[in-house]
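# Descriptive structure summary
The primary structure of each chain is shown beneath.
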Amino acid sequence: MEAAARAVNLVKTYGQGDTVVTALDGVSVEFERNTFTAIMGPSGSGKSTLMHTMAGLDAFTSGEAYIGGTALSGLSDREITELRRDRLGFIFQSFNLVPTLTAAENIALPTSIAGREIDQAWLEEITQRLGLSQRLGHRPSELSGGQQQRVACARALVSRPDIIFGDEPTGNLDSNAGREVLEILRHAVDFDGQTVVIVTHDARAASYADRVIFLRDGRVVNELRDPDMDAILQVMAGIEG
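Now for a quick tour of the structure. (Residues numbered from 1 in each chain as written. Predicted model: local features only at pLDDT ≥ 70, side-chain atom pairs only at ≥ 80, totals over all residues. Heavy atoms only, no water.)

Another point: the pairing of strand E10 (residues 219-225). For a regular strand, the rule is simple: side chains alternate between the two faces of the sheet. Relative to E10, strand E9 (residues 211-216) is paired through 6 bridges, and the arrangement is antiparallel. What sits directly across from Ile 213, in E10, is Glu 223. Hairpin remark: E9 followed by E10, antiparallel, with 2 residues in the connecting loop; positive phi at Asp 217, about 50 degrees. (Pairing = 2+ DSSP bridges. Helix = DSSP H or I, 4+ residues; strand = E, 2+ residues; numbered from the N terminus.)

Here is the structure:
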């Protein structure tokens, strides 16, 4: 079965000559469909760079990244923008909601920009499941951090994307709100056939995943399947030691 996304010998450098910094050093990895993957590693290991390059948010220096069978290097800026809009969902640490729009308008925004009709039955199911039905008329400033991130989750889920990328999606949340978000993502994989990839520094968050990939110095150095917190912490201690 074709991977939802994959990197082949992906390299990302910044600067030139003596000042060059290698953020990704020949990374090859696949993200399987209908799977929840977490990417971990010390600060500066390249985990966010890996996600951003694979999601078309940042250019890479060499190698290749694919969404399904689509090679990103062959796409124009417009085509990259359309791919992100039409095939990917995003959840960020800072929520990235438009402050002047209601929760309902924020959820519908990417689909509206794409010129597509919202599936109202699916929208209602998602917002009810995420406990947002009574909050759809509220603007972000009228919502708690956990509620804002649930709006961001609904926005990512409503278009049924090929893959959802999360960059520290629980980083700004307390433990209860963070757990809610992780359970939403776990449910999306288990019951909606969704594919989820998150970057996280939190072993508890990573323990919700089917698989954890560990980076150090821009390279994949380890991975765990069906991880638990103790195993994740043990690997991280070895990487950081």
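Having seen the structure, we can now continue with the description.
Time to look at the packing of helix H4 (residues 120-129) against helix H5 (residues 145-158). Where H4 contacts H5, the two axes come as close as 10 Å, and the packing angle between them is 150 degrees. When the axis of H4 is compared with that of H5, the two are roughly antiparallel. Where H4 crosses over H5, the two elements pack in a sense that is right-handed. Residues Trp 122, Leu 123 and Ile 126 of H4 form the contact with H5, whose participating residues are Ala 154, Leu 157 and Val 158. When grouped by side-chain class, the residues that make up the contact of H4 with H5 number 6 nonpolar, no polar and no charged. (Axes fitted to C-alpha atoms, helices over the stretch in contact; angles between N-to-C directions. Parallel < 35°, antiparallel > 145°, perpendicular 65-115°, else oblique. Left-handed = near helix turned anticlockwise from the far one by under 90°. Contact = heavy atoms within 4.5 Å. Nonpolar A, V, L, I, M, F, W, Y, C, P; charged D, E, K, R; others polar.)

It is worth spelling out the nonpolar core at this point. Counting residues in hydrophobic clusters, the biggest one holds 46 residues, and the most contacted among them are Phe 36, Phe 214 and Ile 232. What Ile 232 contacts, discounting residues up to four positions off in sequence, is Met 40, Ala 203, Ala 206, Ser 207, Val 212, Phe 214, Leu 224 and Pro 227. (Core = buried A, V, L, I, M, F, W, Y, C linked by side-chain atoms within 4.5 Å. Buried < 20%, exposed > 50% of the residue type's maximum accessible area, 1.4 Å probe, protein only.)

Next up on the list: H5. Here H5 spans 20 Å end to end across 14 residues, near enough to the 20 Å set by a 1.5 Å rise per residue. For H5, the buried fraction is high: 13 of the 14 residues fall into the buried class. Arg 160 sits one or two residues past H5 and shows a positive phi near 50 degrees. (Expected span 1.5 Å × (residues − 1).)

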